[in-house]
Amino acid sequence: ETNSFTRTMRVLIADDHAATRAGVRESVEEGGFEVCAEAANAQDAIDLALSERPDACLLDVHMPGDGIRAATEISEALPDCAVVMLTISRNDSDLFSSLRAGAAGYLLKDTDPSRLPDALRGVIAGEAAVPRALVARLIHEFRDRGTRRLPMIGGRGVELTSREWQVLDLMAEGH
């Protein structure tokens, strides 16, 4: 149902497993997105992103050619494209490297597929999409560095007040 006010958001999916791509495609199409391209490796993802200029790219972290490299190049070349990593990895270094590369989302492949379209819409609108289980680790990582800035969301840093840090600490404790 596209009218003159809304256009269908276009998504690129990059994963070296065809079955995973098919599942993600089904989920995002059911959620109202158009899949404009699919890639099985990082270089194809970069090339297709540059030619197709999608609204969002869903990139596997551990695909041939390195998904984080693809995230870096796509984020730099297309700052308005929302980059979301899709991964089985709960590894902290993958999470932090992805965010530093410009990704605004880091979603685990075992996430309920029906939640993917909403997460994508949020990221396109400027929100971050990081599983709750990983948010606490993110907060602790930046806390431990003694920084008062959260270098998040597509490279834009956020300065937090001491009250905001208190709230984040409580969230990290599960409140």
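Before reading further, recall that the structure is shown in the block above.
Only a predicted model underlies this, so the values are computations on that prediction, with no experimental measurement involved. (Residues numbered from 1 in each chain as written. Predicted model: local features only at pLDDT ≥ 70, side-chain atom pairs only at ≥ 80, totals over all residues. Heavy atoms only, no water.)

**Quick look at the overall build of the protein chain**
Piece 1. Tallying secondary structure elements over the protein chain gives seven helices and seven strands in all.
Piece 2. Traced from its N-terminal end to its C-terminal end, the protein chain shows the element sequence β-α-β-α-β-α-β-α-β-α-α-β-β-α.
Piece 3. By the burial criterion, 44% of the 175 residues in the protein chain qualify as buried.
Piece 4. In the protein chain, of all internal contacts separated by at least 6 residues, the share reaching a separation of at least 24 is 61%.
Piece 5. When the accessible surface of the protein chain is split by element, carbon and sulfur atoms take 50% of a total near 9,200 Å². (Helix = DSSP H or I, 4+ residues; strand = E, 2+ residues; numbered from the N terminus. Buried < 20%, exposed > 50% of the residue type's maximum accessible area, 1.4 Å probe, protein only. Contact = heavy atoms within 4.5 Å. Areas by Shrake-Rupley, 256 points an atom, 1.4 Å probe, with all protein chains shown as cover.)

**Structural notes on the pairing of strand 2 (residues 34–39)**
Piece 1. Relative to strand 2, strand 1 (residues 10–14) is paired through five bridges, and the arrangement is parallel. When the sheet's bridge partners are listed, Ala14 is paired in strand 2 with Ala39.
Piece 2. Traced from strand 1 through helix 1 (residues 18–30) to strand 2, the parallel crossover comes out right-handed. (Pairing = 2+ DSSP bridges. Right-handed = clockwise from strand over helix to strand, strands pointing away.)

**Remarks on unusual backbone geometry**
Piece 1. A positive phi angle, near 50°, is found at Arg53, a position not held by glycine.
Piece 2. Along the polypeptide, Arg53 turns up in the loop between helix 2 (42–52) and strand 3 (56–60).
Piece 3. At Asp66, a position not held by glycine, the phi torsion is positive, near 80°.
Piece 4. With respect to the element layout, Asp66 can be found in the loop between strand 3 and helix 3 (67–77).

**A closer look at the sheet that holds strand 3**
Whether parallel or antiparallel, the strands of a sheet pair through hydrogen bonds between backbone atoms.
Piece 1. With parallel pairing, five strands are arranged side by side in an open sheet as 2-1-3-4-5. Of all strands in the sheet, those with a lone pairing partner are strand 2 and strand 5 (105–108), marking the two edges. For this sheet, the mean angle separating the axes of adjacent strands, direction not counted, is 20°. (Axes fitted to C-alpha atoms, helices over the stretch in contact; angles between N-to-C directions.)

**With respect to the packing of helix 1 against helix 5 (residues 116–124)**
Piece 1. The interhelical angle for the contact between helix 1 and helix 5, taken along N-to-C directions, is 70°, at an axis separation of 8 Å. When the interaxial angle is binned, helix 1 and helix 5 end up roughly perpendicular. Packed against helix 1, whose contacting residues are Val24, Ser27 and Val28, the element helix 5 presents Leu116, Pro117 and Leu120 at the interface.
Piece 2. Taken together, the residues of the contact of helix 1 with helix 5 sort by class into five nonpolar, one polar and no charged. (Parallel < 35°, antiparallel > 145°, perpendicular 65-115°, else oblique. Nonpolar A, V, L, I, M, F, W, Y, C, P; charged D, E, K, R; others polar.)

By themselves, these observations are geometric and do not establish any function.
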